[in-house]
Amino acid sequence: VEAIGLDESAATGEDVRFSINKEFNAMLDTFNEDNADTITFNLGRPSQALLLGGVKDMPIKLYGSKLLSKMKKHGFSAKEVKDLPLYLENPIAIFNNHQKEGDRSVLIDLTTNDGNFLVALHFGKGSDVDFNIVKSAFGKKEDSIVKWIEKGFLTYVNKEKALNYLHLSAPIAE
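So, here is what we can say about the structure in this document. Along each chain, residue indices are assigned from 1 in the same order as the chain's sequence is written. At least 70 in pLDDT is required for a residue's local features to be given in this predicted model, at least 80 for side-chain atom pairs to be given and counted, and no such filter applies to totals for whole chains, interfaces and linings, which use all residues. No hydrogens and no water enter the side-chain calculation; it runs on all heavy atoms of the structure.

The aromatic pairing rule takes the rings of Phe, Tyr and Trp, using the six-membered ring of Trp, and pairs them if the centres are within 6.5 Å, calling planes under 30 degrees apart stacked, those over 60 edge-to-face and the rest tilted. The final tally for this structure, using the stated rule, is 5 aromatic pairs. Grouping aromatic residues by their ring pairs yields a cluster made of Phe24, Phe31 and Phe41. Residue placement shows Lys61 over the ring face of Phe131; its charged tip is 4.0 Å from the ring centre. For a lysine, the NZ atom is tested; for an arginine, the CZ atom; a charge sits over a ring if that atom is within 6 Å of the ring centre and within 35 degrees of the ring normal.

Each reported salt bridge corresponds to a side-chain nitrogen of Lys or Arg within 4 Å of a carboxyl oxygen of Asp or Glu. Summed over the entire model, instances satisfying the criterion amount to 5 salt bridges. Residue Lys72 is joined to Glu33 by a salt bridge in which the shortest nitrogen-to-oxygen separation is 3.0 Å. A residue pair is termed long-range when its members are at least 10 positions apart, and Lys72 in helix 4 (residues 64-74) and Glu33 in the loop between helix 2 (21-30) and strand 1 (40-42) qualify at 39 residues. Summarising the burial analysis for this pair, Lys72 and Glu33 share the class exposed. Each helix is a run of DSSP H or I of at least 4 residues and each strand a run of E of at least 2, with the numbering of both proceeding from the N terminus. Throughout this description, buried means an accessible area under 20% of the type-specific maximum (1.4 Å probe, protein chains only), exposed means over 50%, and partly exposed covers the range between.

Here we take up helix 2. Taken together, the buried positions of helix 2 are occupied by Asn21, Phe24, Asn25 and Leu28. Around the axis of helix 2, the buried residues are gathered within 95 degrees of arc, so they sit on the same side. Of the exposed residues in helix 2, the ones pointing more than 90 degrees away from its buried face are Lys22 and Asp29. A contact between two residues is defined here by any heavy atoms of the two lying within 4.5 Å. In this fold, the buried residues of helix 2 make contact with strand 1, helix 4 and helix 5 (84-89). Directions are taken from the helix axis to each C-beta atom, and the arc is the one they span.

Function cannot be read off these values alone, since they describe shape.
Encoded structure:
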């Protein structure tokens, strides 16, 4: 797979646009079932990699109630999403969400028991029209990711990270 939208500055973090990781982790430390409805996590603005993958240049937010529902549905804990903003800014790959036109699914290095986290971003509507909204987060097995690549859903890839993720060695030039 050829790199799509790969910018080396995005891959090395030279143009880091998220500076809110500490704030996110502090809020995550206080997050629980009782306050989930009152917390909204700010994940900053999209990095260069996210923009190249088609994420709109709008702030990204995650509702506490959404995080809680995904934790229950997919069986992960809040501590497993620690440092989410840092991982999100330098993804393995970004895909067109095959269910919603314009939405993106972002595969990141952060892992859970079910595999690497896949973060689904939804272009906000209504009162959230000026935001990218995290609508889901869950562990994703690599076999379905390969199918997405084969179907042409890929909009951005960090080739080195993708090869590591897929456990493939780089081809040897002859």
